[in-house]
Amino acid sequence: MKPILCLDFDGVLHSYTSGWKGAAVIPDPPVPGSLEFIVKALDTYEVAIFSSRSHQWGGKRAMKRWLIKHLVAADTGDYATTPAWWRNQICKSAFADPWNDEVLWAAKLVVDEIKWPWFKPPAKVTLDDRALTFTGTWPAIETLDAFKPWNKA
């Protein structure tokens, strides 16, 4: 069994520049590098995407559709200029023509391989933009008050 890697969605995968618009509304692009990270992490980890959206009506479906949309968009339409990480993933599952069908199929396979839990899983590692690592020493309340996610600092 692979260890679990839990990824938060908003502010980690989804850039979240527009702020909260509802569980099923995801208007912003990916955080740079996030799509490549997910695809590569699937080789080593059982990737679970868990969000405050996860338990809300339409949230999981919206996150899955958002991920498929942006994976498909990572293909430039030209084999030579499509990023190698995505081209290699597409070729792993290639079975049909035209290329556009291959791209969509690969995106759906990635989304299907990801776990979409209702509750936070017992992960080896969790990546979240709004968390502090507990080191055994309680932080000062002032430290909590001063906290800002990476994209708001």
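This text goes with the structure placed above it.
Residues numbered from 1 in each chain as written. Predicted model: local features only at pLDDT ≥ 70, side-chain atom pairs only at ≥ 80, totals over all residues. Heavy atoms only, no water.

Novice: Honestly, the nonpolar core in this entry has me stumped. Any pointers?
Specialist: One broad rule of soluble globular proteins: the nonpolar side chains tend to lie buried together. Residues Ile49, Leu67, Leu71, Trp86 and Ile114 are the most contacted members of the largest nonpolar core, which totals 30 residues. Every element with two or more residues in this core is listed here: strand 1 (4-7), helix 1 (34-41), strand 2 (46-49), helix 2 (59-73), helix 3 (84-92) and helix 4 (99-113). The leading source of residues in this core is helix 2, at six residues. Apart from the residues lying within four places of it in its own chain, the contact partners of Ile114 are Ile38, Leu42, Val47, Ile49 and Leu67. (Core = buried A, V, L, I, M, F, W, Y, C linked by side-chain atoms within 4.5 Å. Buried < 20%, exposed > 50% of the residue type's maximum accessible area, 1.4 Å probe, protein only. Helix = DSSP H or I, 4+ residues; strand = E, 2+ residues; numbered from the N terminus. Contact = heavy atoms within 4.5 Å.)

Novice: Just to check I follow, could you spell out the pattern of salt bridges for this structure?
Specialist: A side chain of one charge can pair with a side chain of the opposite charge when the charged atoms of the two come close. Across all of its chains, the model carries four salt bridges by this definition. Among the ionic pairs, Arg130 bridges to Asp129, the shortest N-O distance being 3.9 Å. Residue classification places Asp129 among the buried positions, given a relative accessible area of 8%. (Salt bridge = Lys/Arg side-chain N within 4 Å of Asp/Glu carboxyl O.)

Novice: Is there a simple way to explain helix 2 in this structure?
Specialist: In an α-helix, one full turn covers 3.6 residues, which means residues spaced three or four apart are oriented alike. The terminal C-alpha atoms of helix 2, which comprises 15 residues, lie 21 Å apart, in line with the 21 Å expected from a rise of 1.5 Å per residue. Among the residues making up helix 2, those that are buried are Gly59, Lys60, Ala62, Met63, Trp66, Leu67, Ile68, His70 and Leu71. (Expected span 1.5 Å × (residues − 1).)

Novice: Whenever I open this one, helix 1 confuses me. Can you help?
Specialist: When we look at burial in helix 1, the residues that qualify are Ser34, Leu35, Ile38, Val39 and Ala41. Projection of helix 1 onto a plane perpendicular to its axis shows the buried side chains occupying an angular sector of 170 degrees, all on one side. For helix 1, the elements touching its buried residues are strand 1, strand 2, helix 2, helix 3 and helix 4. (Arc of directions from axis to C-beta.)

Novice: Could you clarify how one ought to interpret the sheet that holds strand 2 in this entry?
Specialist: Sheet strands line up and pair through hydrogen bonds in the backbone, either parallel or antiparallel. One open sheet holds the three strands; their spatial order is 2-1-3, and the pairing between them is parallel. Each edge of the sheet is formed by a strand with only one pairing partner; in this case those strands are strand 2 and strand 3 (125-127). The mean inter-strand angle of the sheet, taken between neighbouring strand axes irrespective of direction, is 20 degrees. By the bridge criterion, four bridges tie strand 1 to strand 2 in an arrangement that is parallel. (Pairing = 2+ DSSP bridges. Axes fitted to C-alpha atoms, helices over the stretch in contact; angles between N-to-C directions.)

Novice: What's the story with the packing of aromatic side chains in this structure? I'm lost.
Specialist: How two aromatic rings sit relative to each other is set out by the distance from centre to centre and by the angle between their planes. The full count for this structure, using the stated rule, is four aromatic pairs. For the pair Phe9 and Trp66, a centre-to-centre distance of 5.0 Å together with 80 degrees between the ring planes defines the contact as edge-to-face. Residue Phe9 is located in the loop between strand 1 and helix 1, and its partner Trp66 is located in helix 2; the two are separated by 57 residues in the primary sequence. Of the two residues, Phe9 and Trp66, neither departs from the other in class, the shared state being buried. Arranged with centres 4.6 Å apart and planes meeting at 50 degrees, the rings of Phe134 and Trp138 form a pair that is tilted. The class of Phe134 is partly exposed, set by a relative accessible area of 48%. Accessibility expressed as a relative area gives 70% for Trp138, which makes it exposed. Here Lys60 stacks its cationic end above the ring of Trp118, 3.6 Å away from the centre of that ring. (Phe/Tyr/Trp six-rings, centres within 6.5 Å; stacked < 30°, edge-to-face > 60°. Lys NZ or Arg CZ within 6 Å of the ring centre and 35° of its normal.)

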